[in-house]
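Coordinates in review
Chain by chain, the residues run as shown.
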Amino acid sequence: MTSTLEKKEIEQITAIAPDPSWESEVREAAMRSIVTKPGKNWWIAVSLLSLVVVAGLGAWIYQLKHGMNSAGYNDQAFWAVYIADVVAFIGVSYGGAVVSAILRLSGQSWRAPLTRLSEGMALVTVLIGGAFIFPHLGRPERFLNIVAYPNFSSPLVWDFIAIATYTLATAIFFYLPLIPDMAVAKNLVDKGGKRARLFSILSLNWMGTKKQRALLHRVLTVISLIIIPLAVSVHSVLSWAFALTSRPGWMESVFPPYFVVAALYSGTALVIVTIYAFRKGYKLERFITDRHFVRLGYMMAALGLVYAYLTVADMLTEGYTGITTGWIQETLTGKYAIPFWFYVIAGEIVPIALVVMKKTRNAKGMTVAGVLVVISLWIKRIVIILPAATQPLISGQWGSYHFTWVSITVTLAGVAAIPLLLMILFRFIPLMSIDEMEEVGPLGSIEQISKETLKAAREESIPEPSKEESK
Amino acid sequence: MKKLLAFLLIVALSIFGSSLALAAPAASFSVTQGSGDSLNLSGSCGVGNCTSATFYAKSNQFAGSNFMQIGQAQANSNGNAQISYTPTWTGNTPFKVDFLGTSGSLVATQTFTFDVMKDPSGFPQSAIEFQRPLDSTGSILVKALLTIVALVWITLLGSFFLVVIRVPKLSKQASEEK
């Protein structure tokens, strides 16, 4: 007599066995953004977003001509909105990559419909975050000095090295799982066309043999293993750009984990928002269900609690000593109290409540929570940066930073560039990982299926290798 | 003729005198070294109807060719206002003051150039400029970190090229077997 567990496993194997209707449904849905011509709404959105990006570039040119003061910077507010943008954008990228890597390493089969979008989001946001270093530099033409004359005692050099390494890893992590899909995609677009040729090159002539799959699986495991500590190192080094200065409010040992958790928290939130937008835009409800959002919501809430704990730990430790507490007073009750308490309410209490309440534990509720977290965490970065930067060390006179149209336009351009680049990217790339979706089947793409079950199904669905191949 | 000359002289003196009487006292502005590293910026709008003064400095580092605001002060009943400011740079620095009236309109403006000689000493120089040593432990740490970075790059690129090279080869093998 078969036990209930065995029965369930057998059912799962049956469910993930090759299913022609599932296969065709997955292919049609994943290729929807490529094969269908973009509608009016797509063009309107792309045009509006492009306008914002162009306006941002114009504002940056104005800033280059008129100096950093035109963006609100001065000798006291020497670091402000742009470094917050760098930290926030690279942070969300980290979240996208790590969410995908962790789910891949832990064999979560339900990740299948989500990985492509989160890896794409990670790639796009790291490029935008990296680009924000240029407006942050008053003299961007000096950027190459960091390569030509590196000062290895400066955390900024290590920032550059870490971000460059992470960008490379993210690009590879995005491309490799794409290879099997490109092999499928090349047969689904007009034969002999430009796209078919491009897909054919990118597919590397993939045939899906057992050896090829084993190779790709091994390499992806290695890269997933590398990308997690790499992303931790990127955000640790970013935090040391602050923490290794002699400024109260920045010179904190808690900063590396504080930054890493903030990145994961906001990154998971942006994964939720991205997935919701593409699910709605391309009608992927059949594949990306409420259960996916709820699971991501749980992850986000857990990270939110850890981040709240680190925020308290940071303020309590320094506030209790009472030596350099000006920035804490400014943050809690002074000039920065409104943004700080906005973060507490909109970035912690409300999102966690939305996850906890059964009524709001669905795709919409989690997306609202995600939007709130992304906005609040950007504001939180401003609250971390400005009070400490403007706190007087010499004269007793607080500095001040004022947002100007230049800094606001440049920042909005970065925000607009995320959906813009994602919309363009997914005109050429399948929305979901076809290969992974077919591998795990309809049940596996929603529920968690054990590695062993998946392995058994894989054995069943992939033809036995020839003797030559087995060698 | 003498009468005409006398008349012209009287007219000229009258015009000069009346212009002297009508002219408002000019706005003044000066920058002096204060205690420690601070500078005293004090100005007078010359008339009693200005309410506040905004002070600016021109620093290439932040404002390009523009003035950047460094402080504000209320003007007293005589139109005088002053602030204390500690610059974080040295060199010939143009300062400016704008006196504003009750409606917020600009009443007077003056500039003054002051050669800032002293680096701020309120914060220990060592903490700002101290170069972390790279000749002993630091040097070993840098080498170790660069080695790790190199290994990561080799692994990433190696994995990438392994797939790019091996996948087409395996496909070729499989097709030949068929």
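See the structure printed just above.
Rules used throughout
- Residues numbered from 1 in each chain as written.
- Chains lettered and ligands numbered in written order.
- Predicted model: local features only at pLDDT ≥ 70, side-chain atom pairs only at ≥ 80, totals over all residues.
- Heavy atoms only, no water.
- Helix = DSSP H or I, 4+ residues; strand = E, 2+ residues; numbered from the N terminus.
- Pairing = 2+ DSSP bridges.
- Axes fitted to C-alpha atoms, helices over the stretch in contact; angles between N-to-C directions.
- Contact = heavy atoms within 4.5 Å.
- Buried area = accessible area lost by both parts, 1.4 Å probe.
- Salt bridge = Lys/Arg side-chain N within 4 Å of Asp/Glu carboxyl O.
- Polar contact = N/O pair within 3.5 Å; in protein donor to acceptor, adjacent residues only side chain to side chain.
- Nonpolar A, V, L, I, M, F, W, Y, C, P; charged D, E, K, R; others polar.
- Buried < 20%, exposed > 50% of the residue type's maximum accessible area, 1.4 Å probe, protein only.

Residue and element names in this part refer to chain A. One non-glycine residue, leucine 204, adopts positive backbone phi at about 55°. Residue position: leucine 204 is located in the loop between helix 11 (194-203) and helix 12 (210-243). A positive phi is found at asparagine 205, a non-glycine position, where the angle reads about 65°. Positionally, asparagine 205 belongs in the loop between helix 11 and helix 12.

So, on to the sheet that holds strand 3 (residues 50-57) of chain B. All names here are of chain B. Read across the sheet, 4 strands follow the order 4-3-6-7 without closing on themselves; strand pairing throughout is antiparallel. Single-partner strands in this sheet number two, and they are strand 4 (68-74) and strand 7 (106-116). Mean inter-strand twist for the sheet, computed between neighbouring axes without regard to direction, equals 20°. The pairing of strand 3 with strand 6 (residues 91-101) spans 7 bridges and is antiparallel. Note on strand 6: the bridge partner recorded for tyrosine 56 is lysine 96.

What follows deals with the interface of chain A and chain B. Counting residues at the interface gives 44 residues for chain A, matched by 43 residues for chain B. Summing the contributions of chain A and of chain B, the shared interface buries around 3700 Å²; its carbon and sulfur component is 73%. At the boundary of chain A with chain B, the tally comes to 0 salt bridges. Linking chain A with chain B are 4 residue pairs in polar contact (both at pLDDT 80 or more), by the criterion used here. Of all the secondary structure elements, the ones that give two or more residues to the side of chain A that touches chain B are helix 9 (155-175), helix 12 and helix 21 (467-470) of chain A. Across the side of chain A that touches chain B, the residue classes break down as 25 nonpolar, 15 polar and 4 charged.

Here we take up the side chain of A:Ser118. Residues and elements named next belong to chain A. Within the fold, serine 118 resides in helix 6 (residues 115-131). Classification of serine 118 by relative accessible area gives buried; the value is 2%. A distance of 3.1 Å separates a polar side-chain atom of serine 118 from the backbone oxygen of threonine 115. Discounting residues that sit within four places of it in the chain, serine 118 has contacts with Gly96, Ser100 and Val271.

A few words on the pairing of strand 7 of chain B. Residue and element names in this part refer to chain B. Where strand 6 meets strand 7, 10 bridges bridge the pair, whose relative direction is antiparallel. By the bridge assignment, phenylalanine 95 is partnered in strand 7 with phenylalanine 112. Counted along the chain from strand 6 to the antiparallel partner strand 7, the turn is 4 residues long, and its residue glycine 104 has a positive phi close to 90°.

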